[in-house]
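Here's the letter readout for the chains.
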Amino acid sequence: MLDQVKKNSKFERFFVFLTCYYAFFVNGMMVLMVGTILPYLIEEANLSFSIAGGLFAIGNLLASFVNPPIIAKFGRKRTIIALSSLIPICLIIIMGIPSIPVLYLSFVFLGIGRGSVSIFNNTVVNERAEGKSSMLNILHMAFAIGAFLAPFLSSLYISHQLTWKHLGYTVVALFALTILLLCFIPIPLDEGKSKGIKKEQTNTNRSYIKSKDFYVIGLILFFYLGLENCVNGWFITYFKKSGIMSDKLATNLVSYTWLAVMIGRLVTAFLSTKVKKKTLILINCILTTGFLGLLISTTNVNIIVLSITLLGFFFAGIYPTCIANAGSIIKGSPSGMSMLLAIAALGGIIAPQIVGIIADAIGLGGAIGVLLFSNVFMVFFAIINFKRNVIE
């Protein structure tokens, strides 16, 4: 009887991880797909790239504030089923090319759905990983695989005379399976639910607010995600406009970066079983600084490709390892994970905007140099994190 209970427990744990990994894989594919379909929407619906992308990012940030009260009232499982359903619904609306206000509103809710999936996956895997950051690295590797495959799937569809809408409907179908899996995921309906939202505001659930380590880790993520978003966005534009490389190679660099991220997260998952989390974070941040400096300082195409690939490799482990490093501080609190991801998302929104403003004033080349300051602050807080006694 006891053996049967253990078998059931192992299967349930496996199903939880499988569902989270698959959901994050499709989430990664969807995020890159949005970047792929935006040029078509700009042409067909006279959409603004910057506004649509900004609203998607804002929706992602809003998810951090929307999730905790809904989870407290309805439970984690009902919440993720409802909010993740926003993704296929919004994609279908977007592909119907409605009026501009409806399109923009759809991008906000699409971002909320994307952020909700991220909060759920990070929280659930972090809780059930029992302190093993390797499980979180594998989770984020699943996201990277989806992001890596999206451009190739797009090229495959185009080569077979299919449109961007076919790519969108494919992602809708994949997300339909995600929602089905979430309906059967072995998580109690009342998990995360409280008798009132006030329970979520008790000292036990809100203890992270008083933790300096929580904010240190949050600031690492703030500067990291801002840096990552700028590298994935502005650098491609910079390489194209400067004439350093062809449009095709500049676009392919995104795939090279995500391939490096996949490998980096796999390597970090292995190293995390042997090296302390705060040590891995510091090493990755320092090496990121070196390759970012090399990337900015050269116009040699081969060195640029090598630099941006290795930048992606060392980028890879920072986010998931920081989440794992904060695990003991958050202690499974939905609001704690939401706030941590909100701090990170805020950095991902602010940094590209600052680079854009500076680019308008002094040119994109000078604006990208400003990213070194963001990198320096990331390393600064990684050093503070390393020196503090965070429970591993």
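So, how was this worked out
- Residues numbered from 1 in each chain as written.
- Predicted model: local features only at pLDDT ≥ 70, side-chain atom pairs only at ≥ 80, totals over all residues.
- Heavy atoms only, no water.
- Helix = DSSP H or I, 4+ residues; strand = E, 2+ residues; numbered from the N terminus.
- Buried < 20%, exposed > 50% of the residue type's maximum accessible area, 1.4 Å probe, protein only.
- Contact = heavy atoms within 4.5 Å.
- Expected span 1.5 Å × (residues − 1).
- Salt bridge = Lys/Arg side-chain N within 4 Å of Asp/Glu carboxyl O.
- pLDDT = per-residue confidence, 0-100.
- Arc of directions from axis to C-beta.
- Core = buried A, V, L, I, M, F, W, Y, C linked by side-chain atoms within 4.5 Å.
- Patch = residues over 30% accessible without salt bridge, like charges linked within 9 Å, V, L, I, M, F, W, Y side chains within 5 Å.
- Areas by Shrake-Rupley, 256 points an atom, 1.4 Å probe, with all protein chains shown as cover.
- Disulfide = S-S within 2.5 Å.
- Axes fitted to C-alpha atoms, helices over the stretch in contact; angles between N-to-C directions.
- Parallel < 35°, antiparallel > 145°, perpendicular 65-115°, else oblique.
- Left-handed = near helix turned anticlockwise from the far one by under 90°.
- Nonpolar A, V, L, I, M, F, W, Y, C, P; charged D, E, K, R; others polar.

A. View of the overall build of the protein chain. Per the secondary structure count, the protein chain includes 16 helices and zero strands. Of all 392 residues assigned to the protein chain, the portion counted as buried reaches 53%. Here the contacts in the protein chain between residues at least 6 apart in sequence split such that 84% fall between residues at least 24 apart.

B. View of helix α5 (residues 100-128). Between the first and last C-alpha of α5 there are 42 Å, a value that for 29 residues agrees with the 42 Å anticipated at 1.5 Å per step. In terms of burial, α5 is a largely internal element, 22 of the 29 residues being buried. Of the residues flanking the end of α5, it is Glu130, one or two places downstream, whose phi is positive at about 55 degrees.

C. Spatial organisation of the pattern of salt bridges. Taken as a whole and assessed by the stated rule, the structure comprises five salt bridges. Glu127 is paired through a salt bridge with Arg128; the nearest N and O atoms lie 3.5 Å apart. Residue Arg388 pairs with Asp213 through a salt bridge whose shortest N-O separation is 2.5 Å. Of the two residues, Arg388 is situated in the segment after α16 (371-387) and Asp213 in helix α8 (residues 212-242); the sequence distance between them amounts to 175 residues. According to the relative accessible area criterion, Arg388 is partly exposed, its value standing at 32%.

D. Inspection of the environment of Val117 at higher detail. Counting through the fold element by element, Val117 comes out in helix α5. The spacing of Val117 and Asn27 is 90 residues in sequence and 7.6 Å in space, taken between C-alpha atoms. Val117 has contacts with Ala23, Phe24, Asn27, Ile80, Ser84, Ile87 and Phe175, leaving out every residue within four places of it along the chain.

E. The arrangement of the confidence of the model for the protein chain in detail. Of the residues in the protein chain, 89% reach a pLDDT of 70 or more, and the chain-wide mean stands at 84. At the level of individual helices and strands, the protein chain shows its lowest average pLDDT in helix α15 (residues 364-369), which scores 69, and its highest in helix α3 (residues 76-84), which scores 95. Below pLDDT 50 for its whole length, residues 1-7 participates in zero contacts with residues either more than four positions away or in separate chains. Here residues 196-204 scores under 50 on pLDDT; set against residues more than four positions off or in separate chains, the count is ten contacts.

F. Local environment of α3. Within the sequence span of α3, burial applies to Arg76, Lys77, Thr79, Ile80, Leu83 and Ser84. All buried residues of α3 project into a common sector of 165 degrees when viewed along the axis, lining one side.

G. Seen up close, the side chain of Thr298. One can find Thr298 in the loop between α10 (277-297) and α11 (301-315). For Thr298, the contacting residues outside a window of four places in its chain are Ile303 and Ile304.

H. Broad picture of the nonpolar core. Residues Met30, Leu91, Phe107, Leu110, Ile220, Phe239 and Trp258 are the most contacted members of the largest nonpolar core, which totals 120 residues. By residue number, the principal contributor to this core is helix α1 (residues 2-45), which donates 19 residues. When near neighbours in sequence (up to four residues on either side) are disregarded, Ile220 contacts Ile281, Cys285, Ile318, Cys322, Met378, Phe381, Ala382 and Asn385.

I. Structural view of a nonpolar patch on the surface. Together, Leu259, Ile263, Val267, Phe270 and Leu271 line one region of the surface with nonpolar side chains, adding up to about 410 Å² of accessible area. Within the secondary structure, Val267 is located in helix α9 (residues 247-271). On the accessibility criterion, Val267 (32% relative accessible area) is partly exposed.

J. Examining the state of the cysteines more closely. A full pass over the atoms with the stated rule returns zero disulfides. Free cysteine Cys285: the closest other cysteine sulfur is in Cys322, separated by 6.5 Å.

K. Structural view of the packing of α10 against helix α12 (residues 318-325). Where α10 contacts α12, the two axes come as close as 9 Å, and the packing angle between them is 150 degrees. Relative to α12, the element α10 lies roughly antiparallel. Here α10 and α12 pass one another in a crossing that is left-handed. Contact residues: Lys277, Lys278, Leu280, Ile281, Asn284, Cys285 and Thr288 in α10; Ile318, Thr321, Cys322, Ala324 and Asn325 in α12. Each residue belonging to the contact of α10 with α12 can be placed in one class, and the counts come to six nonpolar, four polar and two charged.

L. Looking closely at the environment of Val66. Among the structural elements, Val66 can be located in helix α2 (residues 49-74). Taking the relative accessible area as the measure of exposure, Val66 reaches 27% and is therefore partly exposed. Residues Val66 and Ile112, 46 residues apart in the sequence, show an inter-C-alpha distance of 8.2 Å.

M. Examining the environment of Leu139 more closely. Looking at the secondary structure, you find Leu139 in helix α6 (residues 133-159). When the C-alpha atoms of Leu139 and Leu266 are compared, they prove to be 10.0 Å apart, with 127 residues separating the residues in sequence.

N. Broad picture of unusual backbone geometry. Within the chain, Ile97 stands out as a residue other than glycine whose phi angle is a positive 45 degrees. Tracing the chain through its elements places Ile97 in the loop between α4 (86-95) and α5. In this structure, Gln161 is a non-glycine residue whose phi angle is positive, near 60 degrees. For Gln161, the position within the fold is in the loop between α6 and α7 (164-184). Given the relative accessible area of 69%, Gln161 is considered exposed.

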